[in-house]
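Coordinates in review
Chain by chain, the residues:
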Amino acid sequence: MPRLADWTQASGLPRLDAQVLVSAVLGWSRAQQLAHPEYALRGTDLERLDALAARLRAGEPLAYVLGEREFYGLMFRVTPDVLIPRPDTELLVELALQKLDALPPPSTPRVLDVGTGSGAIAVALAHARARTEVWALDASASALAVAQANAWRLLSPQRAAGAIRFVQSDWFSALRHDSNAAPRFDCIVSNPPYVAQHDPHLPALRHEPALALTGQRPSADGLDDIRHIIAQAADFLHDSGWLLLEHGFDQADAVRALLTVHGWRAVFSARDLAGIERISGGQCPHPRQMQSPRKIARSTSNRKRSHVQRAGTD
Ligand code: GLN
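Residues numbered from 1 in each chain as written. Predicted model: local features only at pLDDT ≥ 70, side-chain atom pairs only at ≥ 80, totals over all residues.

**Some words on the confidence of the model for the protein chain**
The predicted model of the protein chain averages 90 in pLDDT, with 90% of residues at 70 or higher. Predicted confidence for residues 289–314 stays below pLDDT 50, and this span has 13 contacts to residues more than four positions away or in other chains. (pLDDT = per-residue confidence, 0-100. Contact = placed C-beta atoms within 7 Å.)

Right, dumping it as structure tokens:
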């Protein structure tokens, strides 16, 4: 029966990781652990600790080993079916809240999260603004199950705008097929797959779902899904609606260029806490109601041109 201090020492893990595992299994704070180094570990506690430590030593991320990760002040369940929520993505939530808060009252803001994964963004938005109607889409049924479980756990059943609408959909395809069902949104947000096919960071991310990192069809520059979203999103937005996208540390210029080519207005990028341009966005390109026939003709030919351009760079 090892003493707590000896187990921590012998675990082969950084001290903090070992202490986090002990907290998860015994429910003891780090201060309690330090105060009782002589505590004898036994039985199922010891078995669980050894099993969790072995997974960490094998390189599995702590969030999967613990089955949870904090995001935007909420504790999310995570499984290997979903990307582990990153602090960088909290900026996307902040920016979406700013856009939703700027809408004229008394509207019920509507936001759509495409590629929701664990549901971190959708649930954080729904949690922060009770009156906002939130839809969340994902191509993966198992990811949607995780997202739905998080919504059940973290949102109060009394939320004014009801539960989040979860829809299995490869990007916007389900909304397109049943266009009566989907309203137009005030804001579309996404943390899509954006890691390039041969990115040197991929081996370090091997435990996370490839679908969430490189996407269904991995691309040389990692931008294929972002191109797709930028080309489609306007069909699901109000005329003044916003599209906000997370992207890689070196992709801001390319994403702004794509938005501009597709006619998005007020295109911008925002920096995360590390000072990296991490989110880019813009406002819906074609104000349908207010367009004169000449403008419509012009924007249609623009769209054709940009489509050709896109086909060339895909
Ligand atoms: N931010 C993740 C990483 O690079 C990637 C997430 C994504 O592709 N959406 O580790």
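**Some thoughts on the packing of helix α2 (residues 15–26) against helix α4 (residues 43–57)**
Taken N-terminus to C-terminus, the directions of α2 and α4 make an angle of 140°; their axes are 10 Å apart at the nearest point. With respect to α4, the axis of α2 lies oblique. Crossing handedness for the pair α2 and α4: right-handed. Here α2 contributes Asp17, Leu21, Val22, Val25 and Leu26 to the contact with α4, which in turn contributes Asp45, Arg48, Leu49, Leu52, Ala53 and Leu56. Each residue belonging to the contact of α2 with α4 can be placed in one class, and the counts come to 8 nonpolar, no polar and 3 charged. (Axes fitted to C-alpha atoms, helices over the stretch in contact; angles between N-to-C directions. Helix = DSSP H or I, 4+ residues; strand = E, 2+ residues; numbered from the N terminus. Parallel < 35°, antiparallel > 145°, perpendicular 65-115°, else oblique. Left-handed = near helix turned anticlockwise from the far one by under 90°. Nonpolar A, V, L, I, M, F, W, Y, C, P; charged D, E, K, R; others polar.)

**Some points on unusual backbone geometry**
Residue tyrosine 72 is not a glycine yet carries a positive backbone phi of 50°. Within the secondary structure, tyrosine 72 is located in the loop between β1 (68–71) and β2 (74–77). A positive phi angle is found at alanine 266, which is not glycine, with a value near 50°. Tracing the chain through its elements places alanine 266 in strand β8 (residues 265–271).

**A look at the site of the ligand**
Within the structure, the ligand sits among Leu83, Arg86, Asn191, Pro192, Pro193, Tyr194, Val195, Leu205 and Leu213. When grouped by side-chain class, the residues that make up the shell around the ligand number 7 nonpolar, 1 polar and 1 charged. (Near = placed C-beta within 6 Å.)

**Looking at the packing of helix α7 (residues 120–128) against helix α8 (residues 141–154)**
Relative to each other, α7 and α8 sit at 20°, their axes nearing to 9 Å. Taken together, the axes of α7 and α8 lie roughly parallel to each other. In this structure, α7 meets α8 at a crossing whose hand is right-handed. Between α7, through Ala122, Val123 and His127, and α8, the contact on the second element is made entirely by Ala147, Asn150, Ala151 and Leu154. Among the residues making up the contact of α7 with α8, the classes are represented as 5 nonpolar, 2 polar and no charged.

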